[in-house]
Each structure stands twice: as structure tokens, then as C-alpha cells.
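Each chain, letter by letter, is given below.
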2 protein chains.
Amino acid sequence: MSHADAVRSYWEAAERRDWETFASLLCEDVAYRLPQTGETITGKRRYLRFNIELPGDWHITVHRVLAGEDEAASWVRAKVGDDQQDALTFFRFDAAGEISEITDFWPERYVAPARPDGVVDER
Amino acid sequence: MSHADAVRSYWEAAERRDWETFASLLCEDVAYRLPQTGETITGKRRYLRFNIELPGDWHITVHRVLAGEDEAASWVRAKVGDDQQDALTFFRFDAAGEISEITDFWPERYVAPARPDGVVDER
């Protein structure tokens, strides 16, 4: 399976709550990192539990997937009810083609600072 | 120039404040989007001005670059003094190989919510 296909399967399996397929894509000592909180989750069993126990009826739409030799990136949109948020995720793969590292970013909306006159499009 | 090389040149030119090289990578009607604020900047001239007038003595370190057929993604770290922040950027390219679309995400730190017992690594 290509790394791009593995990333698409990862998100599709998460969306279906198909944890068997989801787990099959991960190596045993997968590391999941959330740089915004400083949290790390290590190991397939713990990372599965983290996902299975995520609160809310969340749904994922995949926007873009890019892959390199031993890495990949995705941009997805997560919806919970009327709320939606983009997630940017960077993956690394081991020699067996399993996901060994996942780094997730969840940027939130913020109020734009002042910009130079006439630079930003009118809305 | 490969799309991955174009993205590396984009960040290196920004870091050097080499606006001529930076501009040469962009198509005339490039669109820059900041989904977190809802802002869009359209056109090479305005997008250049936006960058040239960004406040602060910012410095960019490139962590990862991935490229596909007509797109690319990067993960960079921006430092301004002692502050640092990750930026995740998705690029599209036109048929001439120029950057036609840039979508930038600037996730900020937040306090982790409660997690299931024993899932997150001790720090």
C-alpha cells in the first residue's frame, strides 16, 4: 500500500470506527504527538484507546494527502455537530510501511490583526 | 524546479528577505488564504507587500516538505525573539510550475483537556 493510500485508509477507518483496520496501519510503538498541548501518546494499544474514547460524534472529511519516501501529510476537516475544525497531520512510516509517528495540529480560529491598507480582499 | 524545491526556495527566500526570488515563485494571481481568520489575499503584488510588511524579526526553519503532482505541503517553525510557532502550509501549483494557491495554518498552544487514565505519556 502506498503511504498516501495508508493515510486515506487511516482517516477512512477512523471515520467508520473500524479500529481493526485503523490498528493494522500502525506499528506497535507508534508515537502520537500534539505539539499544541505538549502531549505524546506512545504505543498502538494506548493510541487506539485514545481514539476510541474521543468524545463527540465526530466526522472526518479528507481534503488533501501528500506522500514522500517515508512520510506523508494530510489536511482533513473534522465536524462535531455544527462545529468544524481543520486538522493538519504529519506521518512517518517505518521500513515495513507501518505508521510510526503521527503529529497532529488543530488550529483554532482567531481575530485577524491589523494589516497594511488594501492588502486583504474585501469580504 | 520540483515542487518540493520550489517550497524550500519559497521559505529560504522569505528567511533571506529576498523578495525578488520569492516573487519569482508565485503566479500573478496567486491566492493566499488564512482559514483561521477567514482572510484571503489575491495577487502577487499584494501578497508580496503583506510579507514585506509583516512585523517582527521573524526567522523560519523548515522541518518537512512534501510534494505531489500539482501540490505540496510544508511544516516550518517561525521564531520571533523567544517566541516560536509551527506553521503548516499547503501549496497548489499551476501548469507553469508557479505557486497559485497558499493556505497557511498557525496553530497556537492550548491546555490539554482531560484524557482517559494512563493514555498520555508521563512528562
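Criteria and cut-off values
Residues numbered from 1 in each chain as written. Chains lettered and ligands numbered in written order. Predicted model: local features only at pLDDT ≥ 70, side-chain atom pairs only at ≥ 80, totals over all residues. Heavy atoms only, no water. Least-squares fit on C-alpha atoms with pLDDT ≥ 70 in both. pLDDT = per-residue confidence, 0-100. Salt bridge = Lys/Arg side-chain N within 4 Å of Asp/Glu carboxyl O. Helix = DSSP H or I, 4+ residues; strand = E, 2+ residues; numbered from the N terminus. Buried < 20%, exposed > 50% of the residue type's maximum accessible area, 1.4 Å probe, protein only. Pairing = 2+ DSSP bridges. Axes fitted to C-alpha atoms, helices over the stretch in contact; angles between N-to-C directions. Contact = heavy atoms within 4.5 Å. Arc of directions from axis to C-beta. Phe/Tyr/Trp six-rings, centres within 6.5 Å; stacked < 30°, edge-to-face > 60°.

Undergrad: What's the story with the relation of the copies chain A and chain B in this structure? I'm lost.
TA: Between the two copies of this chain, the relationship is a rotation about some axis together with a displacement along it. The two copies are related by a screw motion: chain A maps onto chain B through a turn of 180° and a shift of 0.0 Å along the axis, at an RMSD of 0.0 Å. Here the copies are linked by what is in effect a two-fold axis. Of every C-alpha in chain A, the one belonging to A:Pro107 sits nearest the axis of rotation, 2.0 Å from it.

Undergrad: Even after reading the chapter, I still don't get the confidence of the model for chain A, so can you show me in this structure?
TA: The predicted coordinates ought not to be read in detail in places where the model reports low pLDDT. Residues at a pLDDT of 70 or more form 100% of chain A, whose mean pLDDT is 96. Per the prediction output, this complex has pTM 0.96; the corresponding ipTM is 0.95.

Undergrad: In this structure, what is going on with the pattern of salt bridges? I would like to understand it.
TA: If charged atoms from side chains of opposite charge come close, those side chains can pair. Applying the stated rule across the entire model yields 20 salt bridges over all chains. Ionic pairing is found between A:Arg92 and A:Asp70, a salt bridge with its closest N-O pair at 3.9 Å. With A:Arg92 in strand S5 (residues 83–93) and A:Asp70 in the loop between strand S3 (58–67) and strand S4 (71–80), this pair connects stretches of sequence that are 22 residues apart. On the basis of relative accessible area, A:Arg92 is assigned to the partly exposed category, the value being 27%. Three or more residues are tied together by salt bridges with common partners; here these are A:Arg33, A:Glu101 and B:Arg64.

Undergrad: Is there a simple way to think about the sheet that holds strand S1 (residues 26–34) of chain A in this case?
TA: Remark on secondary structure: sheet strands pair via backbone hydrogen bonds, oriented parallel or antiparallel. Residues and elements named next belong to chain A. What the six strands build is an open sheet, ordered S2-S1-S6-S5-S4-S3; its pairing is mixed. Because the sheet does not close on itself, it has two edges, and the strands there are strand S2 (39–42) and S3. Taking each pair of neighbouring strands and ignoring which way they run, the sheet shows an average axis angle of 20°. Across four bridges, S1 lies against S2 in antiparallel orientation. Among the inter-strand pairings, Ala31 is bridged to a residue of S2, identified as Thr42. Contacting S1, S2, S3 and strand S6 (99–105), helix H3 (residues 44–52) runs over the sheet at an angle of about 55° to S1.

Undergrad: So what exactly am I meant to see when it comes to H3(A) here?
TA: For an α-helix, the turn length of 3.6 residues means that residues three or four places apart are oriented alike. Residue and element names in this part refer to chain A. Taken together, the buried positions of H3 are occupied by Lys44, Tyr47, Leu48, Phe50 and Asn51. In a view along the axis of H3, the buried residues occupy a sector of 160°, so they form one face of it. Structurally, H3 contributes buried residues whose contacts are with helix H1 (3–16), helix H2 (19–24), S1, S2, S3 and S6.

Undergrad: I'm lost on the sheet that holds strand S4 (residues 71–80) of chain B in this one. Help?
TA: Residues and elements named next belong to chain B. Read from one edge of the open sheet, six strands run S2-S1-S6-S5-S4-S3, paired in mixed fashion. Lying at the two open borders of the sheet, with one neighbouring strand each, are strand S2 (39–42) and strand S3 (58–67). Along the sheet, successive strands turn relative to each other by an average axial angle of 20°, direction set aside. Two strands pair when backbone bridges link them, and S3 and S4 are joined in this way by nine bridges, in the antiparallel orientation.

Undergrad: What is the right way to read the packing of aromatic side chains from this model?
TA: Any pair of aromatic rings gets described here by the distance separating the centres and the angle formed by the planes. Per the counting criterion, the structure on display carries 20 aromatic pairs over all chains. Measuring from ring centre to ring centre gives 5.2 Å for A:Phe90 and B:Trp75, while their planes differ by 50°; the resulting arrangement is tilted. Within this pair, whereas A:Phe90 is found in strand S5, its partner B:Trp75 is found in strand S4, the two belonging to separate chains. Comparing A:Phe90 with B:Trp75, the two get one shared label, buried.

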